[in-house]
Amino acid sequence: DTGVSQDPRHKITKRGQNVTFRCDPISEHNRLYWYRQTLGQGPEFLTYFQNEAQLEKSRLLSDRFSAERPKGSFSTLEIQRTEQGDSAMYLCASSLGGGSPEQYFGPGTRLTVT
Amino acid sequence: GNSVTQMEGPVTLSEEAFLTINCTYTATGYPSLFWYVQYPGEGLQLLLKATKADDKGSNKGFEATYRKETTSFHLEKGSVQVSDSAVYFCALTTTGNQFYFGTGTSLTVIP
């Protein structure tokens, strides 16, 4: 039983560079979520997909952030022109939806912007 | 709006002590409530859930009861072990999509 996987686990980049993260959800889950977690805080919702459709976006998701889930399977989160304030753990989660709202999280991608 | 408030940590307990981590919530509508645990260097793991008032979630000796009258979902364990050392997050959802998390409570259990 494979869980949610994320790649890379760690990313160090210079301010102004673009970065892309990948998330592979649990195979039978049609819902996929991105969260951001900073040190000492709980995860904060960024966006959510049902299959390939992006149905909800947080105010936290600025124009520099874009997420895709082109075939309803894996998802990518891109940050353009990174800023030091983007340094955080980016978490991906997936769920079956419907009567099973619980979300299953991946290990996260830790981004450090220097 | 929706929000979760957890007791501030860190919490340090001796092995076999009783654990309570307080969680209260504010929600529009009827939320489902969850506890997640994050071990060092790992992602969040679902610990237990309750989807309606008076439900009790339980797993691995941990329990929490959904109390609508006090808007609470306190986590308890009768006898903690060193392996329970982790950060615990209380969370809610009203839509089944966006989760709202508390700030987390760090627990350290000493032998």
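Our subject is the structure listed above.
Residues numbered from 1 in each chain as written. Chains lettered and ligands numbered in written order. Predicted model: local features only at pLDDT ≥ 70, side-chain atom pairs only at ≥ 80, totals over all residues. Heavy atoms only, no water.

Draft legend 1. View of the overall build of chain B. Counting its regular elements, chain B contains 0 helices and 12 strands. Helices (α) and strands (β) of chain B occur, in sequence order from the N terminus, as β-β-β-β-β-β-β-β-β-β-β-β. Here the C-alpha atoms of chain B give a radius of gyration of 13 Å, agreeing with the 13 Å that 2.2 N^0.38 yields for 111 residues. Carbon and sulfur atoms make up 48% of the accessible area of chain B, which totals about 5,100 Å². Averaging the locations of the 7 positively and 10 negatively charged side chains of chain B gives two centres separated by 9 Å. (Helix = DSSP H or I, 4+ residues; strand = E, 2+ residues; numbered from the N terminus. Rg over C-alpha atoms; globule rule 2.2 N^0.38 Å. Areas by Shrake-Rupley, 256 points an atom, 1.4 Å probe, with all protein chains shown as cover. Lys, Arg positive; Asp, Glu negative; His and termini not counted. Charge placed at Lys NZ, Arg CZ, Asp CG, Glu CD.)

Draft legend 2. Here's a closer look at the pattern of salt bridges. All chains considered together, the criterion is met by 7 salt bridges over all chains. Ionic pairing is found between Asp86(A) and Arg64(A), a salt bridge with its closest N-O pair at 2.8 Å. Placement of Asp86(A) in the loop between strand S8 (75–79) and strand S9 (88–95) and of Arg64(A) in the loop between strand S6 (53–57) and strand S7 (65–68) is noted, with a sequence separation of 22 residues between them. Arg64(A) carries the same exposure label as Asp86(A), and that label is buried. Of the charged contacts in the structure, one is a salt bridge between Lys56(B) and Glu63(B), with a shortest N-O distance of 3.6 Å. Residue classification places Lys56(B) among the exposed positions, given a relative accessible area of 52%. Since its relative accessible area comes to 33%, Glu63(B) is described here as partly exposed. Among the ionic contacts, a cluster of salt bridges with common partners joins Arg64(A), Glu83(A) and Asp86(A). (Salt bridge = Lys/Arg side-chain N within 4 Å of Asp/Glu carboxyl O. Buried < 20%, exposed > 50% of the residue type's maximum accessible area, 1.4 Å probe, protein only.)

Draft legend 3. Region of interest: the nonpolar core. Counting 26 residues, the largest nonpolar core has Trp35(B), Leu47(B), Leu48(B), Phe73(B), Leu75(B) and Tyr88(B) as its most contacted members. Listed by contribution, the elements that provide at least two residues to this core are strand S2 (11–14), strand S3 (19–21), strand S4 (23–26), strand S5 (32–38), strand S6 (44–50), strand S8 (62–65), strand S10 (86–93) and strand S12 (105–110) of chain B. With 4 residues, S10(B) is the largest single contributor of residues to this core. If sequence neighbours within four positions are ignored, Leu47(B) has contacts with Trp35(B), Tyr36(B), Val37(B), Asn59(B), Phe62(B), Leu75(B) and Tyr88(B). Ranked by size, the runner-up nonpolar core spans 19 residues in total, among them Val19(A), Cys23(A), Phe65(A) and Cys92(A). (Core = buried A, V, L, I, M, F, W, Y, C linked by side-chain atoms within 4.5 Å. Contact = heavy atoms within 4.5 Å.)

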